[in-house]
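# Examination of the molecular architecture
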Amino acid sequence: MLFKLRELLYNKTYLKSVLYTLLLTSTLCGKAYSQSRLVTGFNKGWLFTKDNFEPGAKNPEIGWQQVSIPHTWNANDVMDDKPGYYRGACWYVKNLTVQSASLQKKLYLYINGANQVTDVYVNGHKATTHIGGYTRFCVELNSYLRPGTNNQIALRVDNSFNEDIPPLTADFTFFGGLYRDVELTAVNNTHFSLNKAANGVFITTPRVSATKALVSVQGRINNEQGISKKLRVVAEITGSNGKQVAHRATVINMINKGSDFKISLPEIANPHLWAPEDPYLYKVTCSIIDVLSGKVLDRVTNNLGLRWYKFDAEKGFFLNDKPYKLIGASRHQDFEGLGNALPDSYHKRDVLLLKKMGGNFLRVAHYPQDKSVLDACDSLGILASVEIPVVNAITETDAFTRNSKNMLVEMIRQNFNHPSIIIWAYMNEVLLKPEFGNDKPRQAVYFKNVRDLAAQLDSLARIEDPSRYTMIACHGDYNRYKQVGLIDIPMLIGWNLYQGWYGGKTEDFAKFLDKFHAGYPKLPMLVTEYGADADARIRSLSPERFDKSIDYAVDFHRVYLKAMQSRPFVTAGIIWNLADFSSEERAETTPHINAKGLLTQNRQPKDVYFFYQANLLKTPFLKISNWAYPTGLADSLDHNICTQPLTVFSNLSQVSIKVNGKNLGTKSTADGMAVWNVPFLNGRNIIEASGNADGSTIRDRSVVGFSLIPTNLPAAKVTDIKINALLGSKRQFISKDGTVWLPAQPYVKGSFGFTGGEPYKLKGNNRLSYGTDRNINLTDDDPVYQTQQVGIQSFHFDVPDGEYQLTLHFAELTTNNPAGALAYNLDNNANKQALDDRVFTVEVNQEPVLSNFSIAPKYGVLTAGSHKSTILATGHRGINILFTPITGQAVLNAIQLTGLKN
Ligand code: GCB
Ligand code: CA
């Protein structure tokens, strides 16, 4: 019966009536306890608008959108070419019908996440305002509800910038919306406190060892009507088999509106410990029973994991006295196409993907996330840190301080019972603020204010929860954090390090670690971030910093992981980031996306993910690189093969591969990898990898579609010719339509290539050795247009006679309009540059195809443009494209030639 009702609850049509039948039913015999606290979904059938609304006015009928929660209004506008996304107030409206009897219970509306200021109106009366987009809140509805009629619940959710609310700026998108589940909770008048939307029972484990565990529960009981009663509070611990392992009750003579309670349970002998490899969970059920009637008034169940842990500045992290190198990732809460409005199953899957990678740690960054994330950490055995979104900067106001503190308290109380959590953090890279320029005294005041705020947040966290560690994550400016004294405040210090990415070399990473440890030998440290963008579409045979190639990212992670693994004092290495995530302000090769993920934004694994699997997993693992569409020039004039490196990731000591049936031999792996020079044929290539693990053979197979470009072009078949080349680039790229591009080479006779010019380089940018990092409008294939040969003189294809389609791709990369400096781009201020004047002519086989051509007036700046023409090659002269400048320099971004017929 109960099951049926629950099912119906999620059926939109019956939602209201069924919900209130349930609320009205005073006793559901035998099962009465399960009704003591009734939680029902309230996600379906909301009306939404960006327009103004007067709460209490008649429900809107036209022009409003029907939506279901979770919902965001920014799922799409964060991906368009227009800078910015909608940040303002929107309304959500829904009706609620209640019968008078049901109001004998207390009815609360629970909002699990709404970004970032939410006003809740019931029948036009403001019931509450909640500040902050990442913590839960609840509000009692009874005093505003009218039984028997439609009650209007209207929420005004506003994601405008607000200087008093963290985060102020950050490298992620502040999606607006009612983006986590909404629920209704009905409780009796006597219930565990719902203060700060916590569940009201706080579990601590004062002592845990292999032989015994002591568990305490405490909290507050609210007695809303103030009627005196005798209450029995019962705490019961059960094992995963449901059997009771400890039990204790206490009697409270409740004489007023509330009372605190604390129960120390009897010792549990030989507890089953919680650990990554065996995340055993007990359950703790706490009940309030009316002694007179025997009725269960409230009941709350929490998971319990028994473990103890410590960070040692020299030796690393220990759980249950066993050393663990914490290796894992940070995670943002968005997903391709959905913004931050995800079903719970997506949240859980991310934790599972981390587990399957061999990770044992999740940094829930940069803000508290959905409850399902930490539930998954508890049940999968992933240790975790959670933080409030004080990122990049603070505002020196009382309101900012107050809001930060409140977020901290909400975060801790709402997540207190998760055994996976070992760290509370409260600041990330807060000394970035460069605005003060040369005004050193002003900057000193700011730094002092940051330090004061840190000190307040740190002591508040320790008071709220003396059992966890506190942490601040810093960017790599060691001296600044030291001088400001921020390092001295938390129990743990985290470093977000990007040597060899935003600047410097990957080898500088290890130097930094040693320098810090020498300076602070007693302070446990974590590498709270490290990572390199890896555009899943980009490969390079000559990888370099900031080229966004998968190859550079694999090299980067290899250096970092090794450096951390050989240093016991590095307690944790936390990859930035588990998956690519939305950061609307970003440009580069994947505009609006930060591509440092081990997974793409829709959670497809990149080679870097396989790299970690090969290095972390204990079970046999073997996987061929997922570069499925390479392209390249034939090895020599008379060859029909192209030899290119191919990586196999494995934790086996030796791996063998076969390519198209031919054995290429066995290799030893190093750092989880073995690389072969594979002779690819044009078209389908079958790669088979295998290795032995304790007597059994582990295999992987991959079919690679190789597009081989003949080197001896004059001898090729016209219809075999399909050349897609990028100018001024060293990258290979796969565009959305599956086209595989390769970097164009200087022309050599008998082949194809360019003459003249230099690769475009963005002035004032010390990261890119070629190309621009700015968004190119009107295309998602930005890397096709982001590089360019400046001053190109000609391009030749020594193709046989026949008919061809030629496409020239252009984008004006110079502009008067500077790129904004992103807060986290420390060494890259706004690019100051000017639009270059250029007019040029393009002739193909002596016929003009573009005369007096100027890119910017035709297509606009930083905008993709293409010119297609059909060309006849005759007299064995091939195709010769000549660029003649009239003003400035001629340029070309990319070129395509496809043979049509002889
Ligand atoms: C950082 C920030 C993080 C950024 C990351 C990056 O240090 O803490 O929010 O996303 O760098 O990718 O630049
Ligand atoms: Ca673009």
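Residues numbered from 1 in each chain as written. Chains lettered and ligands numbered in written order. Predicted model: local features only at pLDDT ≥ 70, side-chain atom pairs only at ≥ 80, totals over all residues. Heavy atoms only, no water.

The chain is annotated in an unreviewed UniProt entry as Glycoside hydrolase family 2 of Mucilaginibacter terrigena. Here is the UniProt Sequence similarities (unreviewed entry) comment for the chain, exactly as written: "Belongs to the glycosyl hydrolase 2 family." (UniProt positions renumbered as here; feature names shortened; annotations may be inferred.)

This next bit is on the packing of aromatic side chains. In total, this model carries 49 aromatic pairs according to the counting rule given. Pairing Phe53 with Trp64 gives two aromatic rings, centres 5.2 Å apart and planes at 75 degrees, and the pair type is edge-to-face. Placement of the pair is Phe53 in the loop between strand 2 (46–49) and strand 3 (65–67) and Trp64 in the loop between strand 2 and strand 3, with a sequence separation of 11 residues. Looking at Phe53, the relative accessible area reads 12%, which means it is buried. Judged by centre distance (5.2 Å) and plane angle (50 degrees), the ring pair of Phe172 and Tyr367 falls under tilted. Of this pair, Phe172 sits in the loop between strand 10 (150–158) and strand 11 (177–178) while Tyr367 sits in the loop between strand 28 (361–364) and helix 4 (371–380), and the two are 195 residues apart along the sequence. Members of the aromatic cluster, connected to one another through ring pairs, are Tyr478, Tyr481, Trp495, Phe512, Phe516 and Tyr520. (Phe/Tyr/Trp six-rings, centres within 6.5 Å; stacked < 30°, edge-to-face > 60°. Helix = DSSP H or I, 4+ residues; strand = E, 2+ residues; numbered from the N terminus. Buried < 20%, exposed > 50% of the residue type's maximum accessible area, 1.4 Å probe, protein only.)

Further remarks concern unusual backbone geometry. Note that the residue after Asn115, namely Gln116, is joined by a cis bond; omega there is -5 degrees. By the secondary structure assignment, Gln116 is in the loop between strand 6 (114–115) and strand 7 (117–122). Cis geometry marks the peptide bond from Trp576 to Asn577; its omega dihedral reads 25 degrees. One non-glycine residue, Asn270, lies in positive phi territory at about 40 degrees. For Asn270, a relative accessible area of 58% translates into the label exposed. Despite not being glycine, His876 shows a phi value in the positive range, around 55 degrees.

An ideal rise of 1.5 Å per residue puts 20 Å on 14 residues; helix 3 (residues 344–357) measures up with 20 Å between its terminal C-alpha atoms. Within the span of helix 3, buried status applies to His347, Asp350, Val351, Leu353, Leu354 and Met357. One side of helix 3 holds all its buried residues, which, seen down the axis, span an arc of 150 degrees. For helix 3, the elements touching its buried residues are strand 27 (326–331), strand 28, helix 4, strand 35 (570–575) and helix 10 (607–616). (Expected span 1.5 Å × (residues − 1). Arc of directions from axis to C-beta. Contact = heavy atoms within 4.5 Å.)

What follows covers the domain arrangement of the chain. Here the chain is partitioned into domain 1 (2–188), domain 2 (197–304), domain 3 (346–618), domain 4 (631–708) and domain 5 (710–901). Domain 3 and domain 4 are separated by 36 Å when their C-alpha centres are compared. Opposite the 11 residues of domain 3 that make contact, domain 4 presents 9 residues. Carbon and sulfur atoms make up 61% of the surface buried where domain 3 meets domain 4, a total of about 840 Å² over both sides. Ranking the residues of domain 3 by area buried against domain 4 places Leu541, Arg558 and Ala614 at the top, with a combined share of 51%. Counting the contacts that link domain 3 with domain 4 gives 2 salt bridges. Notably, a salt bridge pairs Asp671 with Lys562, separated by 3.4 Å at the nearest N-O pair. (Domains from an automatic or database assignment. Buried area = accessible area lost by both parts, 1.4 Å probe. Salt bridge = Lys/Arg side-chain N within 4 Å of Asp/Glu carboxyl O.)

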